[in-house]
Amino acid sequence: MQHLKQKVIAYYRQQVQDKEDAFRDMIAALTEDAANDAKGSAGDKHETALSMMHLEQEKLNAKLGEILSQKAVLSKLDADAVHKKVASGSLVKANGMYLFVSLALPKITVEGITVIALSPQSPLGAKLLGMEAGGSFEINGTKYIVEDIA
């Protein structure tokens, strides 16, 4: 299970890095478009176009900020750490599901195993924190049993 955890962390780090690269490329392209547009245009249409580009750039910068904070959280996780109790960075097997306690990120499949990433602040994440293998809890009428922790 430790090997799977290492692959999960590497996969999520790469996924976040790819998103960062894509947003940086989009921001650079918008900046270049704005610079080129400024050279050859004048008037109201030009001002409107520049305003629209500026708004789009602000949105992209906000999303880039989110991605950078995700990257910061992922960079602090120790892929080699072995947890006896569930903590941030733990890969947990519960009810046959693999749950990665870190951030709310998209579900992934690694080595044919589906992994759901969830925030420690989510209802399920909050219940998992501090649990040991063999521990159980209930959410919305569903009983969860922690089978393994890495």
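It should be noted that the structure appears before, not after, this text.
Anyway, here's the lowdown on the structure attached to this text. These numbers were taken from a predicted model, which means no experiment stands behind them.

Reading the values: the criteria
- Residues numbered from 1 in each chain as written.
- Predicted model: local features only at pLDDT ≥ 70, side-chain atom pairs only at ≥ 80, totals over all residues.
- Heavy atoms only, no water.
- Salt bridge = Lys/Arg side-chain N within 4 Å of Asp/Glu carboxyl O.
- Helix = DSSP H or I, 4+ residues; strand = E, 2+ residues; numbered from the N terminus.
- Core = buried A, V, L, I, M, F, W, Y, C linked by side-chain atoms within 4.5 Å.
- Buried < 20%, exposed > 50% of the residue type's maximum accessible area, 1.4 Å probe, protein only.
- Contact = heavy atoms within 4.5 Å.
- Pairing = 2+ DSSP bridges.
- Axes fitted to C-alpha atoms, helices over the stretch in contact; angles between N-to-C directions.
- Phe/Tyr/Trp six-rings, centres within 6.5 Å; stacked < 30°, edge-to-face > 60°.

### What to know about the pattern of salt bridges
Now for step 1: Summed over all chains, the structure comprises five salt bridges.
Now for step 2: Across the pair lysine 7 and glutamate 111 runs a salt bridge whose closest N-O atoms are separated by 3.4 Å. Placement of lysine 7 in helix α1 (residues 2-40) and of glutamate 111 in the loop between β3 (108-110) and β4 (113-118) is noted, with a sequence separation of 104 residues between them.
Now for step 3: Between glutamate 20 and arginine 24 there is a salt bridge, with the nearest N and O atoms lying 2.9 Å from each other. Of this pair, glutamate 20 and arginine 24 both sit in helix α1, four residues apart, which is roughly one turn of that helix.

### Quick notes on the nonpolar core
Now for step 1: If you look at the biggest cluster of nonpolar residues, it comprises 26 residues, and the most contacted ones within it are Val8, Tyr12, Leu74, Leu91, Phe100 and Val115.
Now for step 2: Listing elements by their share of this core, those giving two or more residues are α1, α2 (44-76), β2 (97-101), β3 and β4.
Now for step 3: Leaving out residues up to four positions away in the same chain, leucine 91 has contacts with Met1, Leu4, Lys5, Tyr98, Leu99, Phe100, Val115, Asp148, Ile149 and Ala150.
Now for step 4: In terms of nonpolar packing, the next biggest core, distinct from the first, is built from 14 residues, Val86, Val101, Tyr144 and Val146 among them.

### Some words on the sheet that holds strand β1 (residues 91-94)
Now for step 1: Taken in spatial order, the six strands of this open sheet run β3-β4-β2-β1-β6-β5, and their pairing is mixed. Across the chains shown, the open sheet's two edge strands, defined by having one partner strand only, are β3 and β5 (136-139). Here the strands of the sheet are splayed against their neighbours by 40° on average, with no regard to which way each runs.
Now for step 2: Of the strand pairs in this sheet, β5 and strand β6 (residues 142-149) are connected by four bridges, and their pairing is antiparallel. Counted as the bridge partner of isoleucine 139 is threonine 142 from β6.

### Let's talk about the packing of aromatic side chains
Now for step 1: Scanning the entire structure with this criterion turns up three aromatic pairs.
Now for step 2: Between tyrosine 12 and phenylalanine 100, the aromatic rings sit 5.8 Å apart at their centres with planes inclined by 5°, giving stacked as the arrangement. Of the two residues, tyrosine 12 is situated in helix α1 and phenylalanine 100 in strand β2; the sequence distance between them amounts to 88 residues.
Now for step 3: Of the residues examined, phenylalanine 100 reaches a relative accessible area of 0% and is grouped as buried.
Now for step 4: Aromatic side chains phenylalanine 137 and tyrosine 144 sit 5.3 Å apart centroid to centroid with 15° between the ring planes, which places their arrangement in the stacked category.
Now for step 5: Chaining the aromatic ring pairs together yields one cluster made of Tyr11, Tyr12 and Phe100.

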